[in-house]
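Notes for the structure review
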Amino acid sequence: MGMQWLLVCHGLITLLVVISFLCGQWPIFQGTFVERIHYFLTFGAYDYFQRLVGAVFGSKGTNFILSIEYFCCDRPNPILQILYVAIIGGIYYMIANSCFSYMPGYYLSGAHRYISLMGVVVGILFFILTSFSDPGIVKAENVLQYLNAYPYDEVLYKEKECTTCKIPKPARSKHCSICNRCVARFDHHCGWMNNCIGERNNRYFLGFLLWHLLLCLYGSVAVALVLAGRLKELRVVYILTVYYGIENTFRDLAPHVVQWLLRSYNTQILLMIFLAIVSLLLAGFFGYHVNLCLTNTTTNETFKWQEHLTWQKKLNEARASAAALKASISDLRTEAKPPESKWRAFFRKSPLEDAVEAIAKQNTYNKGCFSNLGEVIFPFSSRPSFSQTKTKAG
Ligand SMILES: [Zn+2]
Ligand SMILES: [Zn+2]
């Protein structure tokens, strides 16, 4: 019985780690040995599989695989949504099955049976809210308002028209190729939600992340308290010290207690570790999005900024080399600069800090922490001033 749970948990952890890793670093095509192995495991193996099917079944087989790929990756589809419900339902079932019989216990009251159910229900509600809410679709009817709400900054966004929707493209919007629509203040297309994350549903998305982070932390602590309660109720420490003559110190008792727990409660321990790992992943992801929210940037814009800064750096280098050439020709008497002191070199900013500072200086949408947060929680399009814009413009 325990072995089955172990396999299920191991499978889920691997899946989650692989997914988070894939989401974190997509463009891995060349690089170190490890990166190439990673490439083979993700894209390369798929490529070989496709060729094999082509060789065995001909073009019919290849077309079949391509149509599956089209359905899974290039069009909206509910596969990951179903997987989410299966994961949260499965984990809740496993916890109910393995821990509810010990509630009420020494540390946890019986109310936690219902509190945990409420937690899961609210989590699913957040999921439904994010999945099926309007991300801020830009249409002919509201494009004027969006153009007014998000002026072009002339750095990342210049006046442009969406070639597919045939309407002007407001600053910070993007045409989602999967959903085939323009979305205001576009963050990213979320496969788990089967929806874009944009101006109007970013708040629900943040709520979803925070709630699931708290839920996983609560789950892992609750399972730990169930085990601690069992330890107390069965008087394990007393039995170990009195009947087995083990000294009553933490160092002597710990290995025996751990051994006893692993033998009797392996399902609960695996659940606890799994929830702790998911909490860590969620904490990282939530922290990243809170930082984006407070600096008034989107995931989409971080890529744009990277591109822009690389371009700017190249331009500056070209300018500097041109200036150096000019100086060497016109002014040969100029004395060489004194070398940089060791201390100054030590305290000089890293390129990453430079980039963060440069973005903060150039991002005209950044209006200060509170205002930025307000923009996410109360999107422009939900404010009364937004709908009045049209009458002003017309
Ligand atoms: Zn469009
Ligand atoms: Zn989308």
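Residues numbered from 1 in each chain as written. Chains lettered and ligands numbered in written order. Predicted model: local features only at pLDDT ≥ 70, side-chain atom pairs only at ≥ 80, totals over all residues.

As recorded in an unreviewed UniProt entry, the protein goes by the name S-acyltransferase, listed as coming from Linum trigynum. UniProt annotates the protein under Subcellular location (unreviewed entry) with the comment "Endomembrane system". Per UniProt, the protein has the following entry under Sequence similarities (unreviewed entry): "Belongs to the DHHC palmitoyltransferase family." (UniProt positions renumbered as here; feature names shortened; annotations may be inferred.)

On to the UniProt feature "transmembrane region" (unreviewed entry) in the protein. Those places that UniProt annotates as "transmembrane region" (unreviewed entry) correspond, in this numbering, to residues 7–29, 79–102, 114–132, 208–228 and 269–290. A helix fraction of 100% and a strand fraction of 0% characterise residues 208–228, whose end C-alpha atoms lie 30 Å from each other. For residues 269–290, the helix share is 100%, the strand share is 0%, and the end-to-end C-alpha distance is 31 Å. (Helix = DSSP H or I, 4+ residues; strand = E, 2+ residues; numbered from the N terminus.)

Take the packing of helix 4 (residues 79–99) against helix 10 (residues 266–294) next. Running from amino to carboxyl end, helix 4 crosses helix 10 at an angle of 140°, the nearest separation of the two axes being 10 Å. By crossing handedness, the relation of helix 4 to helix 10 is classed as left-handed. Note on element contacts: helix 10 touches helix 4 through Thr267, Gln268 and Leu271, opposite Met94, Ile95, Ser98 and Cys99. Grouping the constituent residues of the contact of helix 4 with helix 10 by class yields 4 nonpolar, 3 polar and no charged. (Axes fitted to C-alpha atoms, helices over the stretch in contact; angles between N-to-C directions. Left-handed = near helix turned anticlockwise from the far one by under 90°. Contact = placed C-beta atoms within 7 Å. Nonpolar A, V, L, I, M, F, W, Y, C, P; charged D, E, K, R; others polar.)

A few words now on the nonpolar core. Membership of the largest hydrophobic core comes to 39 residues, with the highest contact counts inside it found for Val183, Val223 and Leu271. For this core, the secondary-structure elements that each account for two or more residues are helix 4, helix 5 (112–132), helix 6 (143–149), strand 2 (181–183), strand 4 (195–197), helix 7 (202–233) and helix 10. The element best represented in this core is helix 7, accounting for 12 residues. (Core = buried A, V, L, I, M, F, W, Y, C linked by C-beta atoms within 7 Å. Buried ≥ 20, exposed ≤ 12 C-beta atoms within 10 Å, placed from the backbone.)

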